[in-house]
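Close look at the chain arrangement
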Amino acid sequence: MNELISSRKTVQNDIASHLRELPAETFHKLYREPATCLAVFRLLPQLSKQLVMRMLYLRQPVTTDELQSWCQPTAYSFLENALDHAQRLQFLVQQGDMWHLNTTFREEFQNALTGRGPATSFGSLAEGTDSHSVDVAFLDNYAKTGWESVLQFMVGQRGERNPHPAVLNILEKSGLMERTGLQPADLVITHSGFQFLLQDINSQVWALLLQYLSMVKDLGMEEDDVLNFIFFLSSLELGSAYSTEVLTETQATVLMDMVAFGIVYRRKKKSKRFYPTRLATTLTNGKAAIRQTESEQEGYILLETNYRLYAYTTSELQIAILKLFVDITFRFPTFVMGVITRESIERALKKNITAEQIIQYLTTNAHPLMRKTSPILPLTVVDQIRLWEMDMNRFTVHAARHVWQFPTRDEYETLRNYAKSINGLLACSDTRWWLVIKAESFQSVATYTRRIMEQRRARKSRSALGAAAAAGAAAGAPGSTDADGMH
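Given the structure is predicted, the values throughout are model-derived calculations rather than measurements.

Thresholds applied
- Residues numbered from 1 in each chain as written.
- Predicted model: local features only at pLDDT ≥ 70, side-chain atom pairs only at ≥ 80, totals over all residues.
- Heavy atoms only, no water.
- UniProt positions renumbered as here; feature names shortened; annotations may be inferred.
- Helix = DSSP H or I, 4+ residues; strand = E, 2+ residues; numbered from the N terminus.
- Buried < 20%, exposed > 50% of the residue type's maximum accessible area, 1.4 Å probe, protein only.
- Pairing = 2+ DSSP bridges.
- Domains from an automatic or database assignment.
- Core = buried A, V, L, I, M, F, W, Y, C linked by side-chain atoms within 4.5 Å.
- Contact = heavy atoms within 4.5 Å.

Okay, the UniProt feature "domain: Transcription factor Tfb2 C-terminal" (unreviewed entry) in the protein chain next. The feature "domain: Transcription factor Tfb2 C-terminal" (unreviewed entry), as annotated in UniProt, sits at residues 383-450 in this numbering. Helix and strand shares over residues 383-450 are 51% and 21% respectively, and the end C-alpha atoms of the span are 52 Å apart.

Encoded structure:
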């Protein structure tokens, strides 16, 4: 059978999902910091936020009936989901029929809202004047240029300077790129990397940060300390300069890595002040991570019912992303023209980009003229993209081995049942006695077959020895005769 080799790894980019998987002791350490409590609160769904604010200053636990009285009967299912979400994040505790906020979370969140607690909970502003001070416009340009250089590197548009080695290491470890040689230029984008390009910038930043978190123990740091510092950065004020002198050794190390990502600006390695960029301050508030130009905010893509696409952009990165699923036919000084075809969509699908991701990207970046219509995108094009995906996904190709010519039905059924038990059986014929086994399961099946054959040979050997012994005993018994008829 033909073999299709594709990477199905999905890079995690949801910090809320990551938090729900953390053990209880980690939350106990996280919730000691007011900045972390505020960041977690910002990540909550609206109903969960309502629960926190209503219970924040209550001195007594709340019963389930009281919680239900806070919402309409038709919203009980939403309440259950909110309670489950709160419990998994360990800030809401249930004891029997009573509910109350985690004591540490409540105290530190109150400190975050009222300004109590340590003076450095939300950073220490750098003292004195900075002769090299920067403004918000500079920080936005710094973050945008740095982040786009990473994305351009991924799509193969290499500039004079490659991204920082720490960033390249993260891209490789996360599976977004893979190495074909020893040089930075030998890194090539993977299927997961193509999916990554179509995500919004906040999701992209979190994807790399979560991969960074998975590596911190190898760097001699604790995950909760690093996560606390990331949440701390998200709570800082854009455009303000903060002192590095109050940072711990772990925080100072992480700060250097955040500079490599463009999340923080620091003029020199030994500078005593740093500036959070918009990539940092939007980590938990849901706002756009990079300030876009007016034309970029409005959208730049026009899509016609005849599948022709016009993109009013001069950005090499945006054009490179469009090439993932559009055949570019003409390029002009201020826009490019292309067409969406079956081949271009199949090319994207083979890179594990889904139809919904393509549709979402086109919708997000639609030109203002298209936003005047409902729906925004032509239904004929949207439906056809989905149909092309469905048509391509009707068949799944696996690398496999064909096994046949079994000597007995018993051996066929034994091997078939074992292949089923390890989820390695793709197809079989109970009349013709053949199996199709997944390539990755074949070695296990072959080992099992050899073991069964050895056991059967051992049983036959024992049976033969037993028969010989019985025959010898019968030959030596009184009244027995030999072949010549002699006693």
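Now, onward.
This part covers the pairing of strand S15 (residues 434-438). Extensive coverage of S15 is indicated by the burial of four of its five residues. Here strand S14 (residues 425-429) runs beside S15; their pairing, made up of four bridges, is antiparallel. Its bridge partner being in S15, Cys428 is matched across the sheet by Leu435. Counting the residues between successive antiparallel strands, the hairpin from S14 to S15 contains four residues, one of them, Trp433, with a positive phi of roughly 60°.

We now examine the domain arrangement of the protein chain. As far as domains go, the protein chain holds domain 1 (15-114), domain 2 (136-282), domain 3 (297-393) and domain 4 (400-462). Centre-to-centre, using C-alpha coordinates, domain 3 lies 49 Å away from domain 4.

Core analysis: the largest hydrophobic core is formed by 116 residues, its most contacted members being Leu19, Phe91, Phe325 and Ile340. Broken down by element, this core gets its largest block of residues, eight residues, from helix H11 (residues 201-213). Those residues in contact with Ile340, other than ones at most four positions away along the chain, are Leu303, Tyr307, Leu309, Phe325, Val326, Ile345, Leu362, Val381, Ile385 and Trp388. Ranked by size, the runner-up nonpolar core spans twelve residues in total, among them Phe406, Tyr412, Leu415 and Leu425.

The side-chain alternation of strand S8 (residues 273-276) yields two buried faces, one formed by Arg273 and Tyr275 and the other by Phe274 and Pro276. Alignment of strand S6 (residues 242-243) against S8, held across two bridges, turns out to be antiparallel. Directly across from Ser243, in S8, lies its bridge partner Arg273. By the bridge criterion, two bridges tie strand S7 (residues 264-265) to S8 in an arrangement that is antiparallel. Residue pairing for S8: Val264 is matched across the bridge by Pro276.

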